[in-house]
Amino acid sequence: MCIRDRFNAKNFSSVISPWIVTVDALEPFRVNLPTQDPEPLPYLRDPKLSSFDINLEVLIQPAGSNKAETIVQSNFRHLYWSIAQQLAHHTVTGCNMNPGDLLGTGTISGPEKQSYGSLLELSWGGKESIKLSNGEERTFLKDGDVVIMRGYAEKQGVRIGFGECRSGVKPALPLSEFQ
């Protein structure tokens, strides 16, 4: 498992679900995070050190296929940094947050390979292919692939869904378009 920076590439190809789920609605799904080692700097220490038990799934639908295939099943509880720590880190240099601002958590990877949160991790940097049921292989996304992300919290018969995020990869424009 790799611990990645919390704010890499949030300005590139971001997709959000149409659903808004409040922190209050997630409270029954709160879980403790493990002790952080090494201990964070004082401004990042979180006495509550908690997250939420939210199941996450990532699927790929290859170009020309009508079937999407699950490649990742992880959980929001695998975050290394709590949301409070991420907010503190973001604002410590004076970057203000305003109502409606969005923050991305970054890659959420679990301890087992099937719970790694990025193709870079799943393919060990492009060295190992991911085999899809239609015979195709992936180390990285290809033109025409569709990525689907789903998330939900479920406990004692109560389920809160986050909707579905779906986005496709388009071919790059030829360089002549920019000259």
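Check the entry above for the structure.
Here goes a summary of the coordinates provided.

The rules behind each value
Residues numbered from 1 in each chain as written. Predicted model: local features only at pLDDT ≥ 70, side-chain atom pairs only at ≥ 80, totals over all residues. Heavy atoms only, no water. Helix = DSSP H or I, 4+ residues; strand = E, 2+ residues; numbered from the N terminus. Buried < 20%, exposed > 50% of the residue type's maximum accessible area, 1.4 Å probe, protein only. Contact = heavy atoms within 4.5 Å. Areas by Shrake-Rupley, 256 points an atom, 1.4 Å probe, with all protein chains shown as cover. Phe/Tyr/Trp six-rings, centres within 6.5 Å; stacked < 30°, edge-to-face > 60°. Lys NZ or Arg CZ within 6 Å of the ring centre and 35° of its normal.

It is worth spelling out the overall build of the protein at this point. Within the protein, the secondary structure is distributed over three helices and eight strands. Ordered by position in the sequence, the α and β elements of the protein form the string α-β-β-β-β-α-α-β-β-β-β. Here the C-alpha coordinates of the protein stretch approximately 50 × 50 × 35 Å along the principal axes. By the burial criterion, 31% of the 179 residues in the protein qualify as buried. Counting only contacts in the protein whose residues sit at least 6 apart along the sequence, the fraction spanning at least 24 positions is 57%. Of the accessible surface of the protein, which amounts to about 11900 Å², a share of 55% is contributed by carbon and sulfur atoms.

Moving on, we get to the packing of aromatic side chains. A full pass over the atoms with the stated rule returns two aromatic pairs. Taking 5.0 Å as the distance between ring centres and 85° as the angle between the ring planes, the aromatic pair formed by Y80 and W81 counts as edge-to-face. Arranged with centres 6.1 Å apart and planes meeting at 80°, the rings of Y116 and W124 form a pair that is edge-to-face. Given a relative accessible area of 44%, W124 falls into the partly exposed group. In this arrangement the basic side chain of R159 is found over the ring face of Y152, its NZ or CZ atom lying 3.6 Å from the centre.

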